[in-house]
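What the coordinates show
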Amino acid sequence: GIIHKKPKEGGISAVGGTGSIYTYYGPTEKKFASLTKSFVTTDLPKVMPALGLGEEPIPLWWTSDFINSSPPGTAAKDEKWIVGEFNCSCV
């Protein structure tokens with residue numbers, strides 16, 4: 001699933017404890033279908049090899065923070081997302 005974190009009005013950070021607004025989406029959410037499909041089928045198989053760990057499985061529990069780099073108004077299917085970080089220690 002996806003957790004969308006948005007800073008509170010006037011805020012600049014969406015980390016916990018700052019009054020951020022969290023919205024939870026299931027793994028089949030249509031709003032993020034393009035992102036999910038692209039990440040799972042195209043990008044994810046490249047992660048471990050890129051880290052020099054191609055023979056290792058991906059961690060069982062982990063998260064990835066994505067940043068939408070598309071201009072406002074971009075259609076969901078055309079959005080470009082950048083991974084800000086992978087985190088295996090926060091879950």
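Residues numbered from 1 in each chain as written. Predicted model: local features only at pLDDT ≥ 70, side-chain atom pairs only at ≥ 80, totals over all residues. Heavy atoms only, no water.

Mapping Gly16 onto the fold places it in the loop between β1 (2–6) and β2 (21–25). Separated by 11 residues in the primary sequence, Gly16 and Lys5 place their C-alpha atoms 9.2 Å from one another. (Helix = DSSP H or I, 4+ residues; strand = E, 2+ residues; numbered from the N terminus.)

Secondary-structure assignment places Tyr25 in strand β2. Residue classification places Tyr25 among the buried residues on the basis of a relative accessible area of 18%. C-alpha separation for the pair Tyr25 and Met48, spaced 23 residues apart in sequence, amounts to 26 Å. Dropping the residues within four chain positions of it, Tyr25 is found in contact with Gly1, Ile2, His4, Lys31 and Phe32. (Buried < 20%, exposed > 50% of the residue type's maximum accessible area, 1.4 Å probe, protein only. Contact = heavy atoms within 4.5 Å.)

On to the confidence of the model for the protein, then. Per-residue confidence for the protein averages 87 on the pLDDT scale, and 98% of its residues sit at or above 70. Confidence, expressed as mean pLDDT per element, reaches its minimum in the protein at β1 with 87 and its maximum at β2 with 92. (pLDDT = per-residue confidence, 0-100.)

Here we come to a nonpolar patch on the surface. A cluster of nonpolar side chains, namely Ile3, Tyr22 and Tyr24, defines an oily patch on the protein surface of about 330 Å² accessible area. Checked against the element boundaries, Tyr24 lands in strand β2. Judged by its relative accessible area of 59%, Tyr24 is exposed. (Patch = residues over 30% accessible without salt bridge, like charges linked within 9 Å, V, L, I, M, F, W, Y side chains within 5 Å. Areas by Shrake-Rupley, 256 points an atom, 1.4 Å probe, with all protein chains shown as cover. Salt bridge = Lys/Arg side-chain N within 4 Å of Asp/Glu carboxyl O.)

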